[in-house]
Structure formats: structure tokens, C-alpha cells
Amino acid sequence: MKKTVVFIIILFLFGQVNAENGYRLWLRYDLIGNQSLLQQYRRQLAAVYFSQGSPTLSVAEKELRKGLQGLLGISYKNSSGADNACLVIMKSPNNFVNQIISPAEAFQLKEEGFMIRTFRNKGKSTILITANDDKGILYGVYCFLRLLQTHQSIQALEIKEVPSIQLRILDHWDNLNRFVERGYAGLSIWNWHELPDYRDKRYTDYARVNASVGINGTVLTNVNANANILTPQYLEKVKALADIFRPYGIKVYLTARFSAPIEIGGLRTADPLQEAVRNWWKKKADEIYGYIPDFGGFLVKANSEGQPGPQDYARTQADGANMLADALQPHQGIVMWRAFVYSPDSDDRFKQAYEEFHPLDGQFKKNVLIQVKNGPIDFQPREPFSPMFGAMPKTPLMMEFQLTQEYLGQGTHLVFEAPMFKECLEADTYEKGKGSTVAKVIDGSLNNFEISGMAAVANIGNEINWTNHPFGQANWYALGRLAWDHELSASQIAREWIRQTFSNDPAVVEKCTRIMMMSHEAVVNYMTPLGLHHIMNNGHHYGPAPWAHSLPRPDWNPVYYHRADTMGIGFDRTKTGSNALSQYAPAVQKQFEDIHTCNEKYLLWFHHVSWQHTMHSGRTLWDELCFKYQEGVDSVRSMQKIWKELKGKVDRERFNQVNMLLAIQEKEAVWWRDACLSYFQTFSRQPIPEPLEKPKHTLAYYQSLSFPYAPGN
Ligand code: GCV
């Protein structure tokens with residue numbers, strides 16, 4: 001009997017060890033299996049000295065303990081002094097630190113930066129982690145743990161890191177009823193009903209993982225805003241979250257509903273030039289700072305998709321932003337004012353942000369950043385960079401990426417977004433001549449701005465693994481890493497993430513990297529190759545519907561974007577069309593304006609191209625389109641094959657999960673290919689070339705599919 005119980009307990013524990021539900025994300029800290037490395041690390045970290053003194057330093061130490069306990073099985077006691085330790089964590093300036101780094105070096109670390117340096121102390125090799133502030137120490141500790149997690153040598157360290165971007169932010173599109181707009185990983189992690197009294201452990205883990213990649217801000221609420229978040233009842237709840245996040249260096253921001261003075265303030269107007277309205281916001285800001293002294297500020301979507309805004313009172317976007325900026329300024333708060341605007345009046349939605357904001361350049365207060373989506377339309381699988389990035393030299397622009405995969409296969413497709421983010425960051429705006437990359441615009445260096453920011457719409461929900469698709473976690477990770485250092489390459493980020501999230505086994509690292517690095521081009525090809533865009537189903541944006549044309553506004557319908565007819569396909573944005581190209585610098589226009597030299601990745605973004613047009617491959621456009629769709633499907637099949645080779649090398653739970661999700665992705669890639677080609681074929685009137693696969697169903701079948709309950713709408 002006793003033996004059976006022991007056996008069951010062993011089985012249970014064994015099961016636990018092997019269970020990987022993904023909750024720990026990339027902070028897994030499992031005991032290092034490589035014995036010689038483990039012994040080496042243990043020797044090098046035999047005595048630790050962690051200089052204390054603030055809540056941030058104390059969470060940093062807690063994390064270090066947790067990490068060393070898990071990775072090395074070491075439970076260290078703080079050494080009696082820095083002199084006796086092999087790992088010293090201490091802020092600068094300090095007599096001990098001053099012997100190791102010069103004042104000039106310390107100065108270079110600025111705020112939040114850190115240094116990890118190996119030096120000799122009394123004849124023995126010692127590691128110093130130092131920074132000018134507590135947050136720098138926290139980031140240094142996470143960086144050090146990453147070295148151990150990814151099995152790097154810690155013998156001769158010389159690491160100096162300073163974040164490239166100041167505000168590194170997650171935007172949650174979470175509603176107060178816990179429904180997440182475009183969320184595919186369950187409900188909102190903010191349980192507003194139970195807050196402030198119930199403080200879920202998840203909130204702390206959320207803060208830990210964000211801090212581990214340098215994310216230092218979170219906008220808790222949807223940009224389609226609810227004024228109630230600004231009432232005392234909710235501010236109490238926001239305060240509870242802010243208190244949990246603060247030691248991890250994370251500031252809380254809220255979305256401000258422009259009409260809040262009317263809805264919760266009892267005023268008759270929200271006109272930003274009315275004294276009563278301005279005073280209302282000032283008082284509201286004072287009140288918020290009473291709860292949350294380090295409140296970050298507001299994110300605002302105004303006069304876009306039905307949201308209220310200054311234009312309701314014939315005022316400009318600058319009038320609206322500046323009113324809020326004035327209210328926040330005494331508290332050092334900032335306004336992130338979104339440029340995602342479009343009205344049905346323009347001949348091309350592509351042009352509207354520029355048309356509305358370019359004339360306002362230079363009119364915004366110092367604490368306003370304009371938050372611009374990476375592309376001119378809306379988070380498509382591939383977009384050219386938004387022309388706004390080269391057109392606002394007097395205004396700090398911040399990046400808005402989207403992690404949640406609204407247009408990228410939602411919660412079930414494996415798409416590593418870092419290559420897409422890099423494509424945008426590395427694009428040259430030519431604002432000040434060659435080399436004026438988007439990255440330099442948003443990090444403030446091109447135009448010497450003091451504030452800079454990068455945000456991304458979060459893909460997080462209350463699913464056990466946070467993001468539904470285990471690889472969705474990589475996109476969250478990538479946002480943090482790129483906002484910290486936009487020079488990192490996508491594959492570098494992928495490798496780091498895989499090592500921490502799955503395994504350091506070279507086969508796992510190599511194969512997962514291959515999968516991840518091919519995944520973005522794959523989704524582009526099976527959804528929207530050659531510059532097609534916005535041809536997904538209306539409303540929920542799930543699945544293909546290039547035929548859709550029923551929504552009241554033309555620019556909400558796919559037919560508006562692809563413009564297929566018997567002559568050809570694509571949106572003419574050259575001089576003969578909407579001339580949206582003129583919003584770019586001449587050098588950029590030149591890259592795109594000639595149908596023969598335009599990079600074919602973007603071709604149908606800028607040209608209406610004849611079906612017979614000869615592509616660089618020598619095929620006609622129609623044939624090329626067919627081949628590209630097939631290439632997308634083939635890539636997913638390759639991803640499936642590579643993943644299957646990892647059986648037994650990654651834990652069973654996540655192996656099976658990814659396997660099943662890749663099967664869905666393959667099925668849906670085929671669906672995308674077949675639905676789109678069947679439809680476009682009604683215009684091209686040409687056969688799908690051999691030896692490509694042919695659709696199994698009629699166009700009518702694809703058009704008949706309906707998904708009234710697709711998630712995230
Ligand atoms: C929050 C797209 C999405 C909307 C989103 C909007 C925005 O249109 O479909 O759900 O609304 O972008 O970014 O404001």
C-alpha cells in the first residue's frame with residue numbers, strides 16, 4: 001500500500017517537472033542540465049553581495065535569488081561585504097564602484113542603463129553589476145540572469161547597455177468588462193471587479209516579465225475608451241496595480257475618453273478651449289496623481305472610428321492634445337496622442353494621418369508624443385512605413401506596433417513579428433537625407449527630442465500561457481528587446497527567446513529559429529502577397545474575404561484596397577492615382593513610383609498592375625500571385641515538418657500544442673490561398689498554373705463561410 005502511494009507521488013512529481021503550461025514565459029529558471037557549466041557557474045557565483053535600499057533593489061535581489069536558486073540550485077546569503085563577493089551588485093557612485101568604473105563611464109549609463117564588468121579584486125575574478133539608478137540595477141540583474149539562462153560565458157564580462165528608447169510600453173485594448181478588443185488569449189488579465197482588494201499573483205508576474213525585457217509602461221485600458229476608468233471607484237483599482245508595478249519600474253497610463261467631462265463630469269461640453277473643460281481635466285489630473293504619484297499619463301484616440309475628439313468642437317488635434325498636456329504637465333505626465341485617424345471623405349485612407357497631422361507639426365506641447373502605427377493603414381501583414389515618420393521634424397513621434405495578431409492569423413498562427421518590426425525600423429525615410437531611418441525618428445536622435453517611445457498593442461490575456469499561442473510570447477519578448485535596443489537583429493532575439501523558453505539544445509535553437517524567421521514571410525504570402533492588403537473578412541478580420549463590399553464605408557471593405565478588375569489589380573497611389581506617394585521624401589517616392597523597379601513586396605500597395613505584367617521572375621503577375629500564395633502554404637508545411645523533428649526535444653505539452661496549432665495554420669493557409677485565388681481568378685480569367693495545387697471548392701463555397709462568433713471582435 002505504502003509503495004503504491006510513493007509510486008503515485010513520484011509519478012505526480014515527475015508529471016509536474018515535465019508539465020510546461022507556458023505560464024513562466026521566458027523566466028523559467030530550471031536547473032542547468034550541463035554539469036560542467038553548472039559547476040563553473042556555481043564556482044563563479046559562490047558569494048554574492050547585493051547592496052540594498054529600495055523596493056526596486058529588493059525585487060531585483062529577489063529575482064536574482066529566484067534565478068540562482070532555480071538555475072544553479074544555489075541559495076546564497078548576502079556576503080558580509082563587497083570585498084568578499086564574486087558577484088557585486090551596487091549602485092554608482094560609491095567608493096567601491098568608483099574603483100572599477102570611471103565617472104565618465106557612469107555618466108554614459110544615464111538613467112536606466114547598466115554595466116556588467118568582470119574585474120580582479122584581491123586577486124580573484126569578480127563581477128560587478130552597476131547603474132546610476134535602481135531601475136538600471138534591476139535591468140542589469142535581468143540581463144545577467146539571461147546570460148545564465150542562455151548558457152553564456154560569464155568569465156570576462158564587459159557589457160554596457162543604455163535603452164535606445166525612453167518609453168517602452170504595452171497598450172492593452174482591455175475593456176472594463178474584461179473583454180479584450182482584438183484579444184485572442186482569453187479575458188483581460190485585469191480583474192476590475194475584484195480589484196483593488198484581490199491582487200492576483202499574475203500582476204506581479206506580469207511586472208517581472210515586463211521588467212525582464214525593459215518594458216517600463218503599461219496602458220491598462222482600451223483606446224476605445226470608457227470614461228469610468230477616471231472615476232474614484234476605478235482609480236482605487238488602478239492605484240492597486242500601480243503599487244504592484246512600481247518596484248519593477250513600470251508606470252501606469254490610462255486612455256482618456258475625450259468626452260469624459262460630459263460623461264462623468266456633468267459638463268455640457270468637452271470643447272478643449274473652454275475654461276471649464278480645461279479646469280476639469282486639470283482637477284482630474286491632480287486627483288489621479290493623488291492616487292498614483294508616478295502616473296505616466298494619457299493615451300488618446302480622438303475623432304477616429306467614432307471616438308469623440310476636439311474636432312467635434314471644430315478644434316484641431318493639437319488643441320485637444322495640448323489641453324491634456326497642460327493638465328498633466330505639473331506632474332511630469334505625458335500625452336500619447338494617436339495619429340490613427342481616417343474619415344470617409346478622403347480619396348485614400350493611406351493619406352489621412354499625414355493630411356491631418358503634418359500641418360500641425362510644431363504645434364504640440366513638449367509633453368506630447370504622436371503615436372503612429374507602423375504602416376499607413378492598419379497593422380497589415382506587410383505595410384510600407386507610414387509617411388508620417390518622415391514628415392514631422394518638430395514633433396516627437398512614437399511607434400505603435402501590434403503584437404496581438406488581429407490581421408496575422410489571430411491566436412492560432414505562428415508568426416514571429418520581429419522581422420516585420422525590423423523592416424519598418426530599418427526603412428529609410430530620407431527626412432534628413434540618406435540614413436534617416438524610422439528607428440532614428442522614433443528614438444529621437446534624428447531631430448534631437450528629449451522624449452521617445454515605442455508601444456505595442458498587447459497580445460496578453462488570462463489564458464494560462466498568457467498569449468494562447470506559445471510562440472505569441474516571442475512577440476511580447478521582441479517588443480521589449482527592440483524598444484530597449486532597436487539594433488538587435490530579429491534572429492538574435494529569436495535565439496535568446498528560444499533558449500530561455502524552450503531549450504539551449506542547439507537543435508532546438510536552430511530549428512525554432514528557422515521556423516520563426518520564415519513565419520512572417522509565410523503569412524504575407526498566404527494572406528496578402530505582392531503588396532495586397534486589408535482583404536480579410538469584415539468586422540472580426542478572421543479569414544479571407546477579398547470580395548467583401550457590404551460595409552457602409554468604402555474604406556472598411558476589402559474591394560476598396562485591392563481594386564481588382566479585368567485589367568489588373570492593386571491600388572494606384574502614384575501621380576496617376578491617389579498620389580499618396582507624394583507624402584514620402586523624393587528618394588522614397590523614387591523607390592516605389594516606377595512599376596518596373598518598385599520592390600515587388602510592395603507592388604500592389606502602389607500600383608494597379610496588369611495581369612499580364614512581367615514580374616522579375618519572368619512570370620506574369622497572375623502566375624506570380626499564384627506562386628506566392630502556394631509559397632506561403634509550402635512555408636507553413638515546412639514549419640510543420642521542422643517542428644515535428646523536435647519531438648522529444650521540447651516538452652510534450654507545448655510540443656503537442658504547437659503541433660495542433662500548426663495544423664490549423666496549414667488548413668487556414670490553404671483556405672486563404674484558395675479563397676483569394678478563386679476570387680481574383682474571376683478577374684484575371686486565367687488558370688492557376690501547373691504544377692500548383694487547385695482549390696477544392698467553388699468560390700461560392702468560400703463566400704458562404706460565416707464566423708459570427710470569431711473571437712476578438
Ligand atoms: C481599438 C483597428 C481595429 C480596431 C482598433 C483600431 C485602433 O481598426 O480593428 O479594433 O480599435 O484599429 O487602432 O484604434
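Right, let's walk through the structure included here. (Residues numbered from 1 in each chain as written. Predicted model: local features only at pLDDT ≥ 70, side-chain atom pairs only at ≥ 80, totals over all residues. Heavy atoms only, no water.)

### Side note on the overall build of the protein chain
When helices and strands are tallied, the protein chain shows 23 helices and 15 strands. In terms of overall dimensions, the protein chain is globule-like: its C-alpha atoms have a radius of gyration of 26 Å, near the 27 Å expected for 713 residues. When the backbone C-alpha atoms are referred to their principal axes, the protein chain occupies close to 80 × 70 × 55 Å. Across the 713 residues of the protein chain, 64% fall into the buried class. Taking all contacts inside the protein chain whose residues are at least 6 apart in sequence as the whole, residues at least 24 apart take part in 72%. Surface exposure of the protein chain reaches about 27,100 Å², of which carbon and sulfur atoms provide 53%. Taking the 75 positively charged and 73 negatively charged side chains of the protein chain as two groups, their mean positions are separated by 7 Å. (Helix = DSSP H or I, 4+ residues; strand = E, 2+ residues; numbered from the N terminus. Rg over C-alpha atoms; globule rule 2.2 N^0.38 Å. Buried < 20%, exposed > 50% of the residue type's maximum accessible area, 1.4 Å probe, protein only. Contact = heavy atoms within 4.5 Å. Areas by Shrake-Rupley, 256 points an atom, 1.4 Å probe, with all protein chains shown as cover. Lys, Arg positive; Asp, Glu negative; His and termini not counted. Charge placed at Lys NZ, Arg CZ, Asp CG, Glu CD.)

### Describing the site of the ligand
If you check the shell around the ligand, you find 15 residues, and the closest are Glu181, Lys301, Arg338, Lys373 and Glu406. Arg182 is positioned with one of its side-chain polar atoms (N or O) 2.9 Å from an oxygen atom of the ligand. A distance of 3.1 Å is found between an oxygen atom of the ligand and a side-chain nitrogen or oxygen belonging to Asp378. Surface burial for the ligand is 97%, taken as the share of its 340 Å² of free accessible area covered by protein chains. Of the residues that constitute the shell around the ligand, the class distribution is four nonpolar, three polar and eight charged. (Near = heavy atom within 4 Å. Polar contact = N/O pair within 3.5 Å; in protein donor to acceptor, adjacent residues only side chain to side chain. Nonpolar A, V, L, I, M, F, W, Y, C, P; charged D, E, K, R; others polar.)

### A closer look at the sheet that holds strand 11 (residues 368–373)
One closed barrel accounts for eight strands, arranged 6-7-8-9-10-11-12-13; its pairing is parallel. Neighbour-to-neighbour, the strand axes of the sheet open up by a mean angle of 25°, direction not taken into account. Inspection of the sheet shows strand 10 (residues 334–338) paired to strand 11 by four bridges, in the parallel sense. Note on strand 11: the bridge partner recorded for Met336 is Leu369. This element, helix 8 (residues 232–245), spans strand 7 (217–219) and strand 8 (251–255) of the sheet and lies at about 150° to strand 8. Across the sheet, helix 11 (residues 317–328) lies against strand 9 (297–300), strand 10 and strand 11, angled at about 160° from strand 10, the strand it touches most. (Pairing = 2+ DSSP bridges. Axes fitted to C-alpha atoms, helices over the stretch in contact; angles between N-to-C directions.)

### As for the packing of helix 3 (residues 55–72) against helix 6 (residues 134–149)
For any two helices packed against each other, the geometry comes down to the angle between their axes and how far apart the axes lie. It is the contact of helix 3 with helix 6, at a shortest axis distance of 9 Å, that shows an interaxial angle of 10°. Overall, the two elements helix 3 and helix 6 adopt an arrangement that is roughly parallel. Note on element contacts: helix 6 touches helix 3 through Asp134, Lys135, Ile137, Leu138, Val141, Tyr142, Phe144, Leu145, Leu148 and Gln149, opposite Thr56, Leu57, Val59, Ala60, Glu63, Leu64, Gly67, Leu68 and Leu71. (Parallel < 35°, antiparallel > 145°, perpendicular 65-115°, else oblique.)

### Quick notes on the side chain of Ser346
Mapped onto the fold, Ser346 is located in the loop between strand 10 and helix 12 (352–357). Note on Ser346: relative accessible area 18%, which makes it buried. Looking at Ser346, its side chain comes within polar contact range of the main-chain nitrogen of Asp348, at 3.1 Å. Setting aside residues up to four positions removed in sequence, Ser346 forms contacts with Gln352 and Glu355.

### Concerning the nonpolar core
With 234 residues, the main nonpolar core has Phe144 and Phe680 as its most contacted residues. Setting aside its immediate chain neighbours within four residues, Phe144 contacts Leu45, Leu64, Leu87, Ile116, Ile127, Ile129, Ile154 and Leu157. With 13 residues, the next largest nonpolar core counts Phe96, Leu109, Phe119 and Leu128 among its residues. (Core = buried A, V, L, I, M, F, W, Y, C linked by side-chain atoms within 4.5 Å.)

### With respect to the packing of aromatic side chains
Tallied over the entire structure, the rule returns 45 aromatic pairs. An angle of 85° between the planes, with centres 6.1 Å apart, marks the rings of Phe258 and Trp337 as edge-to-face. Remark: Trp337 occurs in strand 10 and Phe258 occurs in the loop between strand 8 and helix 9 (260–263); sequence separation between them is 79 residues. Comparing Phe258 with Trp337, the two get one shared label, buried. Residues Tyr584 and Phe592 carry aromatic rings whose centres are separated by 6.1 Å and whose planes lie at 50° to one another, so their mutual orientation is tilted. A residue is classified by how much of its surface remains accessible, and Tyr584, at 4% relative accessible area, is buried. Among the aromatic residues, ring-to-ring pairing joins Tyr23, Trp26, Trp190, Tyr203, Tyr206, Phe245, Trp466, Trp476 and Tyr477 into one connected group. Just above the ring of Phe571 sits the side chain of Arg573; from NZ or CZ to the centre is 3.7 Å. Over the ring of Phe627 we find Arg619; its NZ or CZ atom is 3.7 Å from the centre of that ring. (Phe/Tyr/Trp six-rings, centres within 6.5 Å; stacked < 30°, edge-to-face > 60°. Lys NZ or Arg CZ within 6 Å of the ring centre and 35° of its normal.)

### What about the environment of Ser706?
Turning to its location among the elements, Ser706 is positioned in the segment after helix 23 (699–704). With 169 residues separating them in the primary sequence, Ser706 and Asn537 have C-alpha atoms 9.3 Å apart.

### Side note on the pattern of salt bridges
Scanning the entire structure with this criterion turns up 48 salt bridges. Two residues, Arg117 and Glu105, come together in a salt bridge whose shortest N-O distance is 2.7 Å. Of this pair, Arg117 sits in strand 3 (residues 114–121) while Glu105 sits in helix 5 (residues 103–108), and the two are twelve residues apart along the sequence. The burial state of Arg117 is the same as that of Glu105; both residues are buried. Of the charged contacts, one joins Lys694 and Glu690 as a salt bridge, the two residues approaching to 3.4 Å between their closest N and O atoms. Salt bridges sharing common partners tie together Glu20, Arg24, Arg28, Asp30, Asp651 and Arg654. (Salt bridge = Lys/Arg side-chain N within 4 Å of Asp/Glu carboxyl O.)

### Looking at the pairing of strand 3
For strand 3, the tally of buried residues reaches seven of eight residues, placing the bulk of the element in the interior. In this sheet, strand 5 (residues 158–161) lies alongside strand 3 in antiparallel orientation, the contact comprising four bridges. Across the sheet, residue Ile116 finds its bridge partner in strand 5, namely Ile159. Once strand 3 ends, the chain turns through two residues before running back antiparallel as strand 4 (residues 124–130), passing Lys122 with a positive phi of about 50°.

### A look at the side chain of His540
Assignment of secondary structure puts His540 in the loop between helix 17 (506–527) and helix 18 (558–562). His540 gets classed as buried once you look at its relative accessible area, which sits at 9%. A polar side-chain atom of His540 sits 2.9 Å from the main-chain amide nitrogen of Tyr542. What His540 contacts, discounting residues up to four positions off in sequence, is Arg182, Gln410, Phe707, Ala710 and Asn713.

### Some thoughts on helix 8
An α-helix turns once every 3.6 residues. As a result, residues three or four positions apart point the same way. Given a rise of 1.5 Å per residue, 14 residues ought to cover 20 Å, and the 20 Å separating the end C-alpha atoms of helix 8 matches this to within 8%. Burial in helix 8 covers these residues: Tyr234, Leu235, Lys237, Val238, Ala240, Leu241, Ala242, Ile244 and Phe245. (Expected span 1.5 Å × (residues − 1).)

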